[in-house]
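Structural overview for review
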Amino acid sequence: MALLKVKFNQKKRVKLAQGLWLMNWFSVFAGILVFSMGLFLKIELRKRSEVMDNSESHFVPNSLILMGILSCAFNGFAGKICYDSLDPAKFVKWKPLLKPYLALCFLFNILIFFVALICFLMRGSLESTLAQGLKNGMKFYRDTDTPGRCFMKKTIDMLQIEFKCCGNNGFKDWFEIQWISNRYLDFSSKEVKDRIKSNVDGRYLVDGVPFSCCNPSSPRPCIQYQVTNNSAHYSYDYQTEELNLWRRGCREALLHYYSSMMSSMGAVVLLVWLFETAVMVGLRLLHTSLESIANPEDPECESEGWILENSLKDTLKSALENLKKIGKFNQVEADGEGGEGEEGGKTPAITTVS
């Protein structure tokens, strides 16, 4: 028994073809939207590529760009088929191509669904990429005289100001690295010498943060040095007082920003997938309803359209049997070639009679 069998007359076939033509052009615009989203996400990731550890995060935007291009191509082609199906004479030339095209559409819809899932599931990979990238970026904050790293200070400062964040996981991350360049340290000072000697790696560590960590909304002047020293500031307790530094780490801020963006894009791609699936089903019904016309010379006669010619169970069973036949055929061919090789390798015995 055929799956989702529907009876059609000429009027219904024409309406289906017109509706599918319109839906295909809506899908082309949806493909342009997906392409634009991928391009926008790629630009946003490139803006902050200095604080990302690798290029894995670009898999999502590259996939969206590819899906957008393929969607425009597939649906533009399908729109032409639907338009020509209104004229039986024009539709004849598309008949041999429809089955392979529908198979490609099926694979394309699987890919779209996979890309939509990836948009929702990339959070973990993105988090590790940001964590390591920010850690490395903070280490290079002081290298304002080193070629290739001289821009890192500006990058980190602009990032902390824009996203209202401080450090990787929080402001205390700055206490564990030397973020002040040796160029601006007075090595004749006893305080500087003591701090460097007290550190195993010979680094100048302070309980301070860059100016970009300061919260401009705080009524108190920014306390960016001796943050943990209560006696260094009047009426101050860093453990109980609301600090005038950004509390949130930049990893969390960036992760929330990109995750929200990708989740929204994933929802849009999921809607596009549903729309593409509906178009594919409609195109299959149109294809089978036109092929099953009993009398091609009488286009007004009734016909039947279906999604699968047999039930889902029978179709799967038939597909498995075909795969087994192909496997057995390849095996027989391989055995035949091996036998010929063995025969070819034998040398006829020559008997000499003395």
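Definitions and cut-offs
- Residues numbered from 1 in each chain as written.
- Predicted model: local features only at pLDDT ≥ 70, side-chain atom pairs only at ≥ 80, totals over all residues.
- Heavy atoms only, no water.
- UniProt positions renumbered as here; feature names shortened; annotations may be inferred.
- Helix = DSSP H or I, 4+ residues; strand = E, 2+ residues; numbered from the N terminus.
- Salt bridge = Lys/Arg side-chain N within 4 Å of Asp/Glu carboxyl O.
- Buried < 20%, exposed > 50% of the residue type's maximum accessible area, 1.4 Å probe, protein only.

The protein chain goes by Peripherin-2 in an unreviewed UniProt entry, where it is assigned to Smutsornis africanus. Turning to the protein chain, the UniProt record has this under Sequence similarities (unreviewed entry): "Belongs to the PRPH2/ROM1 family."

1. Looking at the environment of Ser264
Here Ser264 shows up in helix α8 (residues 250–291). Placed 145 residues apart in sequence, Ser264 and Cys119 show a C-alpha to C-alpha distance of 8.6 Å.

2. Some thoughts on the pattern of salt bridges
Evaluation of the coordinates by the stated rule reveals eleven salt bridges. Between Arg149 and Asp143 there is a salt bridge, with the nearest N and O atoms lying 3.2 Å from each other. For Asp143, a relative accessible area of 14% corresponds to the buried category. The shortest N-O distance in the salt bridge between Asp201 and Arg203 comes to 3.6 Å. Each of Glu44, Lys47, Arg48 and Glu162 takes part in salt bridges that share partners, so that together they form one network.

3. Description of unusual backbone geometry
For Lys164, which is not glycine, the phi dihedral falls at a positive 50°. Structurally, Lys164 is set in the loop between α6 (152–163) and α7 (190–197). The backbone of Ser235 shows a phi angle near 50°, a positive value even though the residue is not glycine. Among the structural elements, Ser235 can be located in the loop between α7 and α8. With a relative accessible area of 55%, Ser235 lands in the exposed category.

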